[in-house]
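Report on the structure
What follows is each chain in one-letter form.
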Amino acid sequence: MQVELKVLDPRMQDQLPAYGTPGSAGIDLRACLNEALTLQPGQAELVPTGLSMYIGDPNYCATILPRSGLGHKKGLVLGNLIGLIDSDYQGPLMVSAWNRSQTPVTIEPMERIAQLVVLPVAHADFKVVSDFTPSERGEGGFGSTGTR
Ligand SMILES: O=c1ccn([C@H]2C[C@H](O)[C@@H](COP(=O)(O)OP(=O)(O)OP(=O)(O)O)O2)c(=O)[nH]1
Ligand SMILES: [Mg+2]
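From a predicted model like this one, the values you see are computed outputs, not experimental measurements. (Residues numbered from 1 in each chain as written. Chains lettered and ligands numbered in written order. Predicted model: local features only at pLDDT ≥ 70, side-chain atom pairs only at ≥ 80, totals over all residues. Heavy atoms only, no water.)

What follows covers the pattern of salt bridges. Note on pairing: side chains with opposite charge can pair once their charged atoms come close. Considering all chains together, one arrives at three salt bridges under this definition. Between arginine 67 and aspartate 28 there is a salt bridge whose closest N-O contact spans 3.7 Å. Note that arginine 67 is positioned in the loop between strand 5 (60–66) and helix 1 (68–74) and aspartate 28 in strand 2 (residues 27–30), a separation of 39 residues in sequence. Among the residues examined, aspartate 28 registers a relative accessible area of 24% and is labelled partly exposed. Taken together, the shared-partner salt bridges connect Asp28, Arg67 and Arg112 into one network. (Salt bridge = Lys/Arg side-chain N within 4 Å of Asp/Glu carboxyl O. Helix = DSSP H or I, 4+ residues; strand = E, 2+ residues; numbered from the N terminus. Buried < 20%, exposed > 50% of the residue type's maximum accessible area, 1.4 Å probe, protein only.)

Shown next, in the form of structure tokens:
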């Protein structure tokens, strides 16, 4: 699928978003910072990626997810947990960088801090009913099937 892309920061011109391997689901996003940014424990800051994208097709969206190495080892995750990019959004792509750890984390300019995954979207057509069509699960949830 094709997605329109604008390069907002000239430093991104020669490192346009790309899949790292043919099987990669995510495209790494860089921190387009002018200087290193140190996040104190618990601190979150919006970091520009230097890009904007217009998906255009309402049957798709994009999500911004943590990189597993940074998230697990350094505690650098996302302030919104998952970023959701609407198909009609045309503004700058931003990453909410959140240091969930107990120690400061420094983000260097142009460091790859998160990843973007494009996903299909279904639009629900809600039909109001008073009784659902019966299902095997019914109302059971939140551990109703046990742990073993
Ligand atoms: O990590 C993120 C999350 C969102 N966005 C942009 C794209 C998205 O389409 C728009 C709105 O996001 P969302 O709907 O999650 O936020 P909201 O708080 O509901 O804002 P709005 O009222 O503009 O929909 O913000 C980002 O750049 N980065
Ligand atoms: Mg919204």
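There is more to say after this.
Moving on, we come to the environment of alanine 62. Mapped onto the fold, alanine 62 is located in strand 5. Owing to a relative accessible area of 0%, alanine 62 belongs among the buried residues under this scheme. A C-alpha to C-alpha distance of 14 Å links alanine 62 and proline 92, two positions 30 residues apart in sequence. With near-sequence residues (within four places) excluded, alanine 62 lies in contact with Ile55, Gly83, Leu84, Ile85, Leu116, Val117 and Val118. (Contact = heavy atoms within 4.5 Å.)

Let's shift gears to the UniProt feature "binding site: substrate" (unreviewed entry) in the protein. This chain's UniProt record puts "binding site: substrate" (unreviewed entry) on Arg67, Ser68, Gly69, Asn80, Leu84, Ile85 and Asp86. Across 20 residues in sequence, these annotated residues place their C-alpha atoms as far as 26.4 Å from one another, rather than forming a single compact spot. Following the sequence through the fold, aspartate 86 ends up in the loop between strand 7 (83–85) and strand 8 (92–99). Its relative accessible area of 43% is what places aspartate 86 among the partly exposed residues. (UniProt positions renumbered as here; feature names shortened; annotations may be inferred.)

What follows concerns the nonpolar core. Within the largest apolar cluster, 21 residues are counted, with the highest numbers of intra-cluster contacts made by Ile64, Leu76, Leu93, Val95, Ile107, Ile113 and Leu116. If you list the elements that add at least two residues to this core, you get strand 4 (44–54), strand 5, strand 6 (76–78), strand 8, strand 9 (105–107) and strand 10 (112–120). With residues near it in sequence (within four places) discarded, leucine 116 still touches Ala25, Gly26, Ile27, Leu29, Met53, Ala62, Thr63, Ile64 and Leu93. (Core = buried A, V, L, I, M, F, W, Y, C linked by side-chain atoms within 4.5 Å.)

Pairing is antiparallel in the open sheet, where four strands are placed in the order 1-4-8-6. Two strands bound the open sheet, and with one partner strand each, they are strand 1 (4–7) and strand 6. Strand after strand, the sheet turns through a mean of 45° between neighbouring axes, direction not considered. Examined bridge by bridge, strand 1 and strand 4 share four bridges and lie antiparallel to one another. (Pairing = 2+ DSSP bridges. Axes fitted to C-alpha atoms, helices over the stretch in contact; angles between N-to-C directions.)

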